[in-house]
Amino acid sequence: MRRPLHLLLAAALSAAALGLAATPSASAFDSATDNASDNVVADTAGTQPHASYWYPNTILDWDPATDPDARFNRSRVPLRARVSDPALKANANARAGEGKVVSLVSFGPTSNNPSQGSLDPRYYAFGHWQYVDKLVFWGGSAGEGLILAPNPTVIDAAHRNGVKVYGTVFFPPTAYGGQIQWVRDFVQKSGTRYPVADKLAQVARHYGFDGWFVNQETAGGDTALATEMRNTLRYARSLGPVEFMWYDAMTESGSVSWQDALTNANDAFLQEGSQRTSDAMFLDFGWGASALDSSRTLARSLGRSEYELFAGVDTEANGYDTSVPWSAVFPAGRPHTTSLGLYRPEWTHNSSTDRADSYAREARYWDGANGDPSNTTTTSSWKGLAGYVAESSPVTAKPFVTSFDAGQGDFYHSGGARVSTSGWNNLSLQDVPPTYRWLVESSGTKLKPSLDFTDAYEGGSALRLTGALDAVNTVRLYQSRLPVATDTKLSVVVKTPAAGPTRLRAAVSFTDSPTTFTTLDLGSTTTSGWERRTLDLSAYAGRTVAQIGLQTTGTAASYDIKVGQLALYDGTVDVPSAPTAPTVLGTTDTGATSRSLRMAWTASTTGDVHHYEVYRRNPDGSRTFLGATPNDSYFVPKLDRVGTETSTTLDVEAVSTEYGRSSAASTTVTWSAATEANLALNRPATASGQCNTSETAAKAVNGSVSGGNGDKWCTLTGTKWLEVDLGAPRALNRIVVKHAAAGGESASWNTRDFTVEVRDSATAPWTTAVTVTGNTAATTTHPVSVTARYVRLSITRPTQTTDPAARVYEFEAWGS
């Protein structure tokens, strides 16, 4: 992409890339190789696994059998089929079955992107899948790697919503570090094979995603190189199943010249005679009505659909304040001209101040200014995507269960009980979001639906309906295509502020009359806790459910009800068999009494498993939730020792697609008797400077991050350093740095690039013990094995932005 490249290449000085040992043979696509990473020998450490990234030559060395992160990067969720019934679209102006939407999203940096979520509840948990057809896991940089595979949490969530996922192949302009040799490496040929293309297909198949977005913007090519690029793409497509989307940059002459359209200069990258080169093309941002009209004409003449062309819109900087010639791509009252490509819609998250603001911006971006996809009327030129593209729904097979889990939260609930008080994000656990956000029909005051992050039945959120109830409200939630059998049931879990009438009915419509709802009363509650109502749908056997919703009755001045789960399934709730042979692959100490660890187990042999949950058993007999995944391996970011326990039992249990739970399979982690301490605590500290008189070096070693914005060391000096004298040489095993967000400030101010140096005496030379580039986390932990008296934090890039201030709330040196 032309304009935003400097933002993507911020880590250009980093030299990190994954280079692994073994080169697989030409038989890389047999099932034995594709499953090889499941048999990797146990790791010696329990460190954080990350999404995979490479350069063209280093991907040739990738082998899932030797990559210890590979098993943690696999998605196990198949792509779900979707339905989009024009009769059920929310907005009268939206059109179904025409233009598609591709979304190019950066969920994190190219390097250090956690494979399976993290303990940070502040995350871009995208929830408007109903308007997206493909998602590109955007990234890549000259300094880290050009080829980025999506992490499994994004693949899991996307596939559960019927959305395909692509990785990124990014060749940057020479001004941002691009090298034409990298392009030549990409198209290198060995006999009749293109080895890099072989690897792209193997990675996509092994990790479970659908294709690649190729963005070639490096200058210096020629006609021969452009021809080989097309040959490589066609070869890669022939390996199947793997798709490719081409970005409008490199032309058939080999030069980089953005056409902003499909033209005779670039059309061979889509179709060349009878040969299909790529599956789609992303057109650069400068298009208008004439360019799209001519693109449509040319695509049709090549035997291709105009909807395989995606007109790009760059929203990275201005989000829904971006000026877009909407009538050129989505003309009112006429068929869409092409499809739409959205670049960096995560602006809604990145520009927000907190979660509520992020969700409000997300709703404005996708649903429109009124928070109602049926009414996108506004004076703003940005009407919301709901006004152009009809919703699609993956609710096409039973069982269908949703607990309205957004894939992030400040706690975790299981069956209504709080089993963890830690914040988290993990899109693998995100339920299918409602098709309509929000669509309420009433002759009186409309109730307000929302995702409630203060309570949940399963996960970290629930659906909540609030407001003045003065008329019947019908809340349309899900479009569906679910056949009803003689044993089909509809289950609803609800919670009222006090025992009493719910004033709520389950509402379903059927395909033979999709806009007419049949309702089933949920009665009254007997407590103020979660209660389940199971409704028999056998009277409707042979019909097919087209919509699932809720309907209120009666009146209430201040109505408030929470819905913790909706489920439509046949027979009794299925319970899967337990997983077997849980194993701790490795552990890493992250504190005096905490560890991270990698686990694996053998998947359940019977039952359809939605995910596996990992718990620790507590000395008092209770259990604490540690995380969950659809995979058969999981990284536990933090296991805390309780008191002086000498071992901790870990349980793994399977949760079925109907939320039946297996018995637990168990393993044990042993704790050593050794103790450690933060040796930097309240020790003498000096620094290169301070932002004001209160933000001294001593604040970084006072043991606190909760004293407000002044409880930190801050400096604006050109060279930025903080030094601590431990008093005597001490054995250190880890360094912990708590950055801006750990003290409640913006995550954009978290320290990005820094080193930690050590020495034994005031006259000894400094030795670098830790080097970090591209950090985004609020707290970072760095295992070391050194002896030192003096420890020095040197900061080379203080923030994620151009803000020049370094902010460190705590600098800890742990050892004995």
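Residues numbered from 1 in each chain as written. Predicted model: local features only at pLDDT ≥ 70, side-chain atom pairs only at ≥ 80, totals over all residues. Heavy atoms only, no water.

Structural notes on the state of the cysteines
Quick note on the threshold: Disulfides are defined as cysteine sulfur pairs within 2.5 Å. Going along the chain from the N terminus, every DSSP run of H or I of four or more residues is numbered as a helix, and every run of E of two or more is numbered as a strand. When a residue's accessible area, from a 1.4 Å probe over protein chains only, is under 20% of the maximum for its type it is buried; when over 50% it is exposed; and in between it is partly exposed.
Enumeration over the complete set of coordinates arrives at one disulfide. There is a disulfide in this structure between Cys 691 and Cys 714, and the S-S distance comes to 2.0 Å. Between Cys 691 and Cys 714 the sulfur-sulfur dihedral comes to about -60°; the bridge is accordingly left-handed. Here Cys 714 lies in strand S39 (residues 713–715) and Cys 691 lies in the loop between strand S38 (685–687) and S39, a separation of 23 residues in the sequence. By relative accessible area, Cys 691 is classed as partly exposed at 28%.

Examining the environment of Pro 399
Here is the rule: Here a residue-residue contact requires only that any non-hydrogen atoms of the pair lie within 4.5 Å.
Among the secondary structure elements, Pro 399 is positioned in the loop between helix H10 (355–366) and strand S13 (400–402). For the pair Pro 399 and Tyr 569, spaced 170 residues apart in the sequence, the C-alpha separation amounts to 4.5 Å. Not counting the four nearest positions on each side in its chain, Pro 399 is found in contact with Leu 568, Tyr 569, Thr 657 and Glu 658.

A word on the packing of helix H5 (residues 195–207) against helix H6 (residues 223–239)
Keep this limit in mind: For helices, the axis comes from a line fit to the C-alpha atoms of the stretch in contact; other axes are also lines fit to C-alpha atoms, and the angle between any two N-to-C directions lies between 0 and 180 degrees. By the definition used in this description, the sense in which the near helix is turned from the far one sets the handedness, with an anticlockwise turn below a right angle giving left-handed and a clockwise turn giving right-handed. Residue type decides the class: Asp, Glu, Lys and Arg count as charged, Ala, Val, Leu, Ile, Met, Phe, Trp, Tyr, Cys and Pro as nonpolar, and the leftover types, Gly among them, as polar.
Running from amino to carboxyl end, H5 crosses H6 at an angle of 35°, the nearest separation of the two axes being 9 Å. In this structure, H5 meets H6 at a crossing whose hand is right-handed. Residues Ala 197, Asp 198, Ala 201 and Arg 205 of H5 form the contact with H6, whose own contacting residues are Thr 232, Tyr 235, Ala 236 and Leu 239. Of the residues contributing to the contact of H5 with H6, the split by class is five nonpolar, one polar and two charged.

Re the sheet that holds strand S25 (residues 513–521)
We apply this condition: The pairing criterion for strands is at least two bridges between them, as found by DSSP.
The five strands are arranged S18-S21-S28-S24-S25 in an open sheet whose pairing can be described as antiparallel. Two strands bound the open sheet, and with one partner strand each, they are strand S18 (439–442) and S25. Averaged over all neighbouring strand pairs, the angle between strand axes comes to 35°, with direction disregarded. Pairing of S18 with strand S21 (residues 473–483), which is carried by four bridges, proceeds in the antiparallel orientation.

Comments concerning the environment of Gln 202
Note that Gln 202 resides in helix H5. Measuring from C-alpha to C-alpha, the distance between Gln 202 and Val 242 comes to 9.3 Å, with 40 residues separating the pair along the chain.

As for the environment of Lys 134
Position of Lys 134 among the secondary structure elements: in strand S3 (residues 134–137). As for Lys 134 and Gly 162, which are separated by 28 residues in sequence, their C-alpha atoms are 9.0 Å apart. Discounting residues that sit within four places of it in the chain, Lys 134 has contacts with Val 101, Val 102, Ser 103, Val 163, Lys 164, Tyr 166, Glu 243, Met 245 and Phe 310.

Considerations on the packing of aromatic side chains
Note the cut-off: Pairing of aromatic rings covers Phe, Tyr and Trp, the last counted by its six-membered ring, and requires centre-to-centre distances within 6.5 Å; plane angles under 30 degrees mean stacked, over 60 mean edge-to-face, and any other angle means tilted.
Counted according to the given criterion, the structure contains 38 aromatic pairs. Summarising the aromatic geometry, the rings of Phe 285 and Tyr 343 are spaced 5.9 Å apart at their centres and angled 45° between planes, so their arrangement reads as tilted. Taken together, the residues Phe 285 in the loop between strand S10 (280–283) and helix H7 (289–301) and Tyr 343 in strand S12 (residues 339–343) connect sequence positions 58 residues apart. The exposure class of Tyr 343 is buried, given its relative accessible area of 0%. A ring pair is formed by Tyr 365 and Trp 382, whose centres lie 4.8 Å apart and whose planes are at 50°; its orientation type is tilted. One end of the pair, Tyr 365, is in helix H10; the other, Trp 382, is in the loop between H10 and S13, and 17 residues separate them in sequence.

Here we look at the side chain of Ser 461
Stated formally: Side-chain atoms alone can form a polar contact between residues adjacent in sequence; in general such a contact is a pair of N or O atoms within 3.5 Å, and within protein one must be able to donate a hydrogen while the other accepts it.
By secondary structure assignment, the location of Ser 461 is in the loop between strand S19 (448–452) and strand S20 (462–469). Within the local environment of Ser 461, its side chain forms a polar contact with the backbone oxygen of Phe 404, the two atoms lying 2.6 Å apart. From its side chain, Ser 461 meets the backbone nitrogen of Ala 406 in a polar contact 3.1 Å long. Apart from the residues within four sequence positions on either side, Ser 461 is in contact with Ser 403, Phe 404, Asp 405, Ala 406, Asp 452, Phe 453, Asp 455 and Ala 456.

A short note on the sheet that holds strand S35 (residues 647–656)
One open sheet holds the four strands; their spatial order is S33-S32-S35-S36, and the pairing between them is antiparallel. Two strands in the sheet have a free side with no partner beyond their single neighbour: strand S33 (623–629) and strand S36 (665–670). Here the strands of the sheet are splayed against their neighbours by 25° on average, with no regard to which way each runs. As defined by bridge partners, strand S32 (residues 609–617) adjoins S33 across six bridges and the pair is classed as antiparallel. From the neighbouring strand, Arg 616 faces S33, where its bridge partner is Thr 624.

A word on the confidence of the model for the protein chain
For the record, the criterion: The predictor reports its confidence for every residue as pLDDT, a score running from 0 up to 100.
When pLDDT is averaged across the protein chain, the result is 93; 94% of the residues are at 70 or more. Low pLDDT, under 50, characterises residues 3–37; the stretch is placed with 92 contacts to residues that sit more than four places away or in other chains. Contacts for the low-pLDDT stretch residues 39–43, under 50 throughout, to residues beyond four places or in other chains number 11 contacts.

Focus: the pairing of strand S11 (residues 309–314)
Rule in force here: Look down the strands so they point away from you; if going from the first strand over the helix to the second traces a clockwise path, that crossover is right-handed.
Among the six residues that make up S11, six are buried, leaving the element largely enclosed by the rest of the structure. The alternating pattern of S11 places Leu 309, Ala 311 and Val 313 and Phe 310, Gly 312 and Asp 314 on opposite faces, both of which are buried. In terms of handedness, the path from S10 via H7 over to S11 forms a crossover that is right-handed. Judged from the five bridges that link them, S11 and S12 form a sheet pairing that is parallel. Counterpart to Phe 310 in the pairing with S12 is Ser 339.

Here's the deal with the nonpolar core
The following threshold applies: What we call a nonpolar core is a set of buried Ala, Val, Leu, Ile, Met, Phe, Trp, Tyr and Cys residues that are connected through their side-chain atoms within 4.5 Å.
Formed by 86 residues in total, the largest nonpolar core has its most connected members in Phe 107, Leu 200, Val 203, Phe 209, Trp 212 and Leu 340. If one sorts the elements of this core by residue count, H5 sits on top with seven residues. Those residues in contact with Phe 107 that sit more than four places away from it in its chain are Asn 113, Tyr 123, Tyr 124, Leu 135, Phe 137, Val 154 and Leu 427. If you look at the next biggest cluster of nonpolar residues, it comprises 39 residues, including Val 440, Leu 490, Leu 520 and Leu 550.

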